[in-house]
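# Summary of the model geometry
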Amino acid sequence: MYQNWRISSFNGALLACYFIPAWTITSFKIMISPIHGLYERANVSMALFFSDYMQIGTMSTVRFAWLLALGKLTVVAFFAVFLLFTTRASIRKTGGCDEALAIALGIGSVISFLSMIMAYKVGETAAMKLHVTELLLLLGTAILMAMEPPLLRVAPEAAKAAPERAGNAGVYSFSRPIS
């Protein structure tokens, strides 16, 4: 069982356990009350940046808040699909869950990076620490996915023939015998 779990898949599952509840709660707070939800700690840097630097009106702020909630819920949905795929061993063994994780990491990294930059611009250190931590978590998993070698996929015919070749492996290890 432990042979078909990659480190990046396990790390992605741990990330999903953090991001699904955290970003779902902040997204639903934005859906219930867009302006109040935008000024929560997780989103305050974006709210202050757009009100101070962009000087947008109330309706534009509400539209931006809904767009932010939609982006975060998209990341949550891809993490949920990834967790669903990792529960099936056949999908996990073939690497079918990696695409959902990669999309979640990509969109989540962009949102966290932009939030970090906006928090730096407005001087919100607590929000900046939160977004830097989230960004480092996402980028760390992306680096693991990029650097980790793929799983060895053994065909069923090769798995049956493997014991037969194991007995002859010591005799002709590097060359083919000539008849």
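Per-chain numbering applies: the sequence of each chain, read as written, is numbered from 1 onward. Local features are withheld for residues below a pLDDT of 70 in this predicted model, meaning they are given only at 70 or higher, and side-chain atom pairs are given and counted only at 80 or more; totals for whole chains, interfaces and linings count all residues. Heavy atoms from the whole structure form the basis of all side-chain values; hydrogens and water molecules are not counted.

### Some remarks on the environment of serine 51
Structurally, serine 51 can be placed in helix α3 (residues 44-54). Residues serine 51 and threonine 61, spaced 10 residues apart in sequence, show a C-alpha to C-alpha distance of 8.0 Å. Helical segments are the DSSP runs of H or I of at least four residues, strand segments are the runs of E of at least two, and each set is numbered from the N terminus.

### Description of helix α7 (residues 125-147)
Side chains three or four residues apart in an α-helix point the same way, a direct result of the helix having 3.6 residues per turn. Expected helix span is given by 1.5 Å per residue-to-residue step, counting one fewer step than there are residues. Spanning 23 residues, α7 covers 32 Å between terminal C-alpha atoms, matching the ideal 33 Å at 1.5 Å per step. For every residue, the accessible area (1.4 Å probe, protein chains only) is compared with the maximum for its type, and the residue is labelled buried under 20%, exposed over 50%, or partly exposed between those bounds. By the burial criterion, the buried members of α7 are Ala127, His131, Glu134, Leu135, Leu138 and Thr141. Only heavy atoms matter for contacts: two residues are in contact if any of them lie within 4.5 Å across the pair. Where α7 is buried, its residues touch α1 (7-32), α3, α4 (58-86) and α6 (98-122).

### Remarks on the side chain of threonine 26
Looking at where threonine 26 falls in the secondary structure, it is placed in helix α1. Under the relative-accessibility criterion, threonine 26 is labelled buried at 13%. Looking at threonine 26, its side chain comes within polar contact range of the main-chain oxygen of tryptophan 23, at 3.1 Å. Each residue touching threonine 26, except ones within four places of it in the same chain, is listed here: Ala42, Asn43 and Lys72. The term polar contact refers here to a pair of N or O atoms within 3.5 Å; inside protein, the definition further demands a hydrogen-donor-capable atom paired with an acceptor-capable atom, and it admits residues adjacent in sequence only when both atoms are side-chain atoms.

### A few points about the packing of aromatic side chains
Each aromatic ring pair is specified by the distance between its two centres and by the angle formed by the two planes. Note on aromatic pairs: the rings of Phe, Tyr and Trp (six-membered ring only in Trp) are paired at centre separations within 6.5 Å, and the planes decide the class, stacked below 30 degrees, edge-to-face beyond 60, tilted for the rest. Summed over the entire model, instances satisfying the criterion amount to six aromatic pairs. Measuring from ring centre to ring centre gives 4.1 Å for phenylalanine 50 and phenylalanine 64, while their planes differ by 45°; the resulting arrangement is tilted. With phenylalanine 50 in helix α3 and phenylalanine 64 in helix α4, the pair connects residues that are 14 residues apart, well separated along the chain. When sorted by exposure, phenylalanine 50 lands in the same class as phenylalanine 64, which is buried. Of the aromatic side chains, those joined through ring pairs into one cluster are Tyr18, Phe19, Trp23 and Phe79.

### Describing the pattern of salt bridges
The rule for a salt bridge is simple: a side-chain nitrogen of Lys or Arg has to be within 4 Å of a carboxyl oxygen of Asp or Glu. Evaluation of the coordinates by the stated rule reveals one salt bridge. Here lysine 29 and glutamate 40 are joined by a salt bridge, their closest N and O atoms 3.8 Å apart. Of this pair, lysine 29 sits in helix α1 while glutamate 40 sits in the loop between α2 (34-38) and α3; the two residues are 11 residues apart in sequence, bridging distant segments of the chain. Under the relative-accessibility criterion, glutamate 40 is labelled partly exposed at 25%.

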